Amino acid sequence: MKSISGGPVLVVGGYGAVGTAVTERLGEWFPGRVLPGGRDGARARSLGGVRVDTADPDHFRRLLDAEGVAAVVLCVEPPDEGIARACLERGVHVVDVGATPRRLDAVEGLHDVAAGAGASAVLSVGVAPGLTNLLAHRAHSAVGGAARLDVTVLLGSGARHGADAVRWTVAGLAEPAAAGARRTALPGYGVRAAHPFPFSDQHTLRRTLGIPEATTRLCLDSRVLTGLLFALRRTGALRAAGRPALAGLLTEAFGRVHLGGDGFALRADAHRGAAHAALALTGREQSTVTGLVAAYATRELLTAGLPAGVHHLEQLPQLADLPERLAGDGVRVWTRRREPARRRAAG
Ligand SMILES: NC(=O)c1ccc[n+]([C@@H]2O[C@H](COP(=O)([O-])OP(=O)(O)OC[C@H]3O[C@@H](n4cnc5c(N)ncnc54)[C@H](OP(=O)(O)O)[C@@H]3O)[C@@H](O)[C@H]2O)c1
């Protein structure tokens with residue numbers, strides 16, 4: 001087994017939509033130290049990487065040991081926490097762009113395993129979850145602890161989303177809505193109706209920030225597509241997306257539709273009594289920005305070091321300024337804070 005100190009960074013899914021951005025940015029920062037991986041061995045090797053399949057944990061463990069991997073960036077969502085466990089119990093750091101609440105909860109449960117081995121895992125990495133968690137944290141702090149949080153995510157329907165991300169979105173559409181739609185102003189997009197969607201941030205933020213009520217909603221930049229999609233969900237027809245054949249058809253259809261642009265917008269509204277704080281963020285190409293967030297988290301792990309254990313992005317003050325660090329990549333933060341009327345009058 002090679003020593004992992006100074007070892008390579010394995011980017012699983014390293015030539016996908018998110019993974020390509022991770023591989024390229026880490027390659028600039030750590031030349032010769034990045035191993036992009038995927039199930040297509042020839043493609044991975046052509047990029048200087050290795051074949052890896054998260055569905056084959058024995059091979060995955062052997063690969064970690066043989067290469068002396070220092071950190072793994074997961075740019076594809078494994079079925080459970082097994083892959084993260086294999087890394088953390090060996091002292092290999094993990095950065096995970098996954099967005100499925102049940103699996104993220106299970107990885108969170110590996111905190112003691114990670115702490116015992118001196119490894120760190122960073123979860124909620126990306127745009128949503130990820131930058132939404134950081135905006136939510138700021139809005140929450142601005143009102144002195146939110147009683148209610150509303151997160152809104154607008155995605156560009158013209159952007160080239162990866163197949164895995166589209167599959168995840170279609171699966172989310174099959175889940176029944178837990179709250180009502182909400183109309184929200186988003187910089188550059190006007191007032192939009194957004195609909196509850198099962199992003200993981202709304203679940204983890206209740207725990208990490210102690211917010212009693214949190215809902216994340218989704219809309220697309222195309223009003224027509226947003227209306228169509230969520231009208232269909234209301235009829236219950238999209239529950240059929242849970243069936244593999246129909247899910248495949250829907251995934252293919254959504255992957256081919258490019259009606260809008262490639263921009264995205266996020267907004268977090270925190271409420272506490274009459275106090276309200278809102279922050280928004282805009283950018284382009286959510287897959288690329290997700291990869292850049294993962295690259296920054298990985299760099300922090302390898303250079304400054306992060307506390308051992310499993311953490312969500314908003315729990316790491318070292319990464320709180322990520323939205324500003326991404327300014328050079330087209331990310332812009334917008335702030336709006338409304339104080340309660342009584343306090344304004346008194347001031
Ligand atoms: N947090 C966020 O904001 C955020 C945003 C966007 C996406 N995501 C998540 O990021 C993940 C990737 O999305 P994407 O848009 O980059 O998808 P993508 O373009 O389809 O990329 C997935 C990559 O993973 C590889 N892969 C698939 N199954 C694999 C397996 N079993 N073992 C190893 N590699 C495997 C694929 O290559 P092969 O098929 O050749 O193996 C491909 O390179 C998804 O889970 C998505 O939900 C999160």
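Before going into details, it helps to say that this report is about the structure given with it.

Calculation criteria
- Residues numbered from 1 in each chain as written.
- Predicted model: local features only at pLDDT ≥ 70, side-chain atom pairs only at ≥ 80, totals over all residues.
- Heavy atoms only, no water.
- Phe/Tyr/Trp six-rings, centres within 6.5 Å; stacked < 30°, edge-to-face > 60°.
- Helix = DSSP H or I, 4+ residues; strand = E, 2+ residues; numbered from the N terminus.
- Buried < 20%, exposed > 50% of the residue type's maximum accessible area, 1.4 Å probe, protein only.
- Axes fitted to C-alpha atoms, helices over the stretch in contact; angles between N-to-C directions.
- Parallel < 35°, antiparallel > 145°, perpendicular 65-115°, else oblique.
- Left-handed = near helix turned anticlockwise from the far one by under 90°.
- Contact = heavy atoms within 4.5 Å.
- Nonpolar A, V, L, I, M, F, W, Y, C, P; charged D, E, K, R; others polar.
- Pairing = 2+ DSSP bridges.
- Salt bridge = Lys/Arg side-chain N within 4 Å of Asp/Glu carboxyl O.

## Quick look at the packing of aromatic side chains
Tallying each qualifying case throughout the model produces four aromatic pairs. The interplanar angle of 40° and the centroid separation of 5.5 Å between the aromatic rings of Trp 168 and Phe 199 together place this pair among those described as tilted. Of this pair, Trp 168 sits in helix H8 (residues 163-173) while Phe 199 is found in the loop between strand E9 (190-196) and helix H9 (201-208), placing the two residues 31 residues apart along the sequence. The exposure class of Phe 199 is buried, given its relative accessible area of 4%.

## Things to note about the packing of helix H1 (residues 17-29) against helix H12 (residues 286-302)
At a minimum axis separation of 7 Å, H1 and H12 run at an interaxial angle of 40°. Taken together, the axes of H1 and H12 are oblique relative to one another. Where H1 crosses over H12, the handedness of that crossing is right-handed. Side by side, H1 and H12 meet where Ala 17, Val 18, Ala 21, Val 22, Arg 25, Leu 26 and Trp 29 of the first sit next to Ser 287, Thr 288, Thr 290, Gly 291, Leu 292, Ala 294, Ala 295, Tyr 296, Thr 298 and Arg 299 of the second. Class assignment of the residues belonging to the contact of H1 with H12 gives a composition of 10 nonpolar, five polar and two charged.

## Concerning the sheet that holds strand E5 (residues 93-96)
Read from one edge to the other, the open sheet built from seven strands follows the order E3-E2-E1-E4-E5-E6-E13, with strand pairing classed as parallel. Two strands bound the open sheet, and with one partner strand each, they are strand E3 (50-51) and strand E13 (309-312). Each of strand E1 (9-12), strand E2 (34-38) and strand E4 (71-74) touches H1; the most contacted strand, E1, lies at about 160° to it.

## Side note on the pattern of salt bridges
With the rule as written, the count across this model stands at 17 salt bridges. The partner of Arg 103 in a salt bridge is Glu 77, with the nearest N and O atoms 3.0 Å apart. Residue Arg 103 is found in helix H5 (residues 101-108), and its partner Glu 77 is found in the loop between E4 and helix H4 (82-88); the two are separated by 26 residues along the sequence. Judged by its relative accessible area of 5%, Arg 103 is buried. A salt bridge links Asp 262 to Arg 284, with the nearest nitrogen and oxygen atoms 2.7 Å apart.

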